[in-house]
Amino acid sequence: MDQMDLLEHAEAVANRNAVLDEVASSNAGWLQRAAEEMRRVPLGHRGLAEDFRKALLDQGLAPPRSPNAWGPLTAYLVREGMLKPTGEWKPMRSERSNGRLSREYVRSEPEAA
């Protein structure tokens, strides 16, 4: 990757994070409830983001006001260490995803600060 590629990548990541932050701020209360509910998902549980979404909804979490809040939730859970990428990519199963490859995660315990 040359310097221009790195700059373009950094700009794309910054733009993505800005959008995620905007969606997160408009769903802040829901994100906190979802993160608390994630603690009930067993450690070691593996799956795609859609699997964790289903687990949270099955546990009784109300859906967010915007379906776009699921992406920021996944990003937040990764940053907090509650989800860790396994390095595997698997096809999504929901009808609307058309089998798109998605990162697999494992439910983890956040590291102590």
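Going by the structure above, here's the rest.
Here the structure is a predicted model, which is why all the values come from computation and not from measurement.

A. A look at the sheet that holds strand E3 (residues 101-107). Spatially, the 3 strands line up as an open sheet ordered E1-E3-E2, and their pairing is antiparallel. This sheet does not close on itself; its edge strands, each paired only once, are strand E1 (46-48) and strand E2 (83-91). Taken pair by pair, the neighbouring strands of this sheet meet at an average axis angle of 35 degrees, ignoring direction. In terms of strand pairing, E2 meets E3 through 6 bridges, oriented antiparallel. Counted as the bridge partner of Pro85 is Tyr105 from E3.

B. The arrangement of the pairing of E3 in detail. When you tally the buried positions in E3, you get 5 out of 7 residues, the bulk of the element. Alignment of E1 against E3, held across 3 bridges, turns out to be antiparallel. Considered in E3, the bridge of Leu48 is made with Glu104.

C. Representation of the nonpolar core in the model. Counting 17 residues, the largest nonpolar core has Trp30, Met38, Leu56, Leu73 and Leu77 as the members making the most contacts within it. Listed by contribution, the elements that provide at least two residues to this core are helix H2 (28-38), helix H3 (49-58) and helix H4 (70-80). For this core, the leading source of residues is H2, giving 5 residues. Ignoring anything within four residues of it in the chain, the contact list for Met38 reads Phe52, Leu56, Leu77, Met82, Leu83 and Arg107.

D. Structural detail: the layout of surface pockets. Counted as a void, the largest pocket has a volume near 540 Å³. Around the largest pocket, the lining is made up of 22 residues, and of these Glu50, Arg53, Trp70, Met92 and Arg100 lie nearest the centre. Contributing elements (two or more residues each) for the lining of the largest pocket: H3, H4 and E3. Classifying every residue of the lining of the largest pocket by side-chain character gives 12 nonpolar, 5 polar and 5 charged.

E. Here's a closer look at the packing of aromatic side chains. If you walk through the whole model with that rule in mind, you get 1 aromatic pair. Ring centres of Trp30 and Trp70 lie 4.9 Å apart, and the angle between their planes is 85 degrees; on these two criteria the pair is classed as edge-to-face. One end of the pair, Trp30, is in helix H2; the other, Trp70, is in helix H4, with 40 residues separating them in the sequence. Across the pair, exposure class does not vary: Trp30 and Trp70 are buried alike. Over the ring of Trp70 we find Arg53, and its NZ or CZ is 6.0 Å from the ring centre.

Cut-offs and rules
Counting restarts for each chain, with residues numbered from 1 along the sequence as it is written. For a predicted model such as this one, the threshold for reporting local features is a pLDDT of at least 70, and the threshold for listing and counting side-chain atom pairs is 80 or more; totals across whole chains, interfaces and linings nevertheless cover every residue. Side-chain calculation: all heavy atoms of the structure are included, whereas hydrogens and water are not. The pairing criterion is simple: DSSP has to find at least two bridges between the two strands. A helix here means a DSSP run of H or I that spans at least four residues, while a strand means a run of E at least two residues long, and both kinds are numbered starting from the N terminus. Axis definition: a line fitted to C-alpha atoms, over the contacting stretch in the case of helices. Angles run 0 to 180 degrees between N-to-C directions. For each residue, the accessible area found with a 1.4 Å probe, counting protein chains only, is set against the maximum for its type, and the residue is called buried under 20%, exposed over 50%, and partly exposed in between. Put simply, buried Ala, Val, Leu, Ile, Met, Phe, Trp, Tyr and Cys residues joined by side-chain atoms within 4.5 Å make one nonpolar core. Note on contacts: a residue pair qualifies if any of its non-hydrogen atoms lie within 4.5 Å across the two residues. Both cavities and pockets are sets of points on a 1 Å grid over the protein atoms alone; in a cavity a 1.4 Å probe fits but cannot get out, in a pocket the set is open with protein on both sides within 12 Å along at least five of seven lines, and lining residues sit with an atom within 4 Å of a point. Grid points are joined across faces, edges and corners, and a volume is the space filled by probe spheres set on the points. Each residue gets one label: Ala, Val, Leu, Ile, Met, Phe, Trp, Tyr, Cys and Pro are nonpolar, Asp, Glu, Lys and Arg are charged, and the others, such as Gly, are polar. Ring geometry is summarised as follows: Phe, Tyr and Trp rings, the Trp one being its six-membered ring, pair when their centres sit within 6.5 Å, and such pairs are stacked at plane angles under 30 degrees, edge-to-face over 60 and tilted between the two. Note on criteria: charge over ring means Lys NZ or Arg CZ within 6 Å of the ring centre, with the direction from the centre no more than 35 degrees off the ring normal.

Interpretation in functional terms is not warranted from these geometric data alone.
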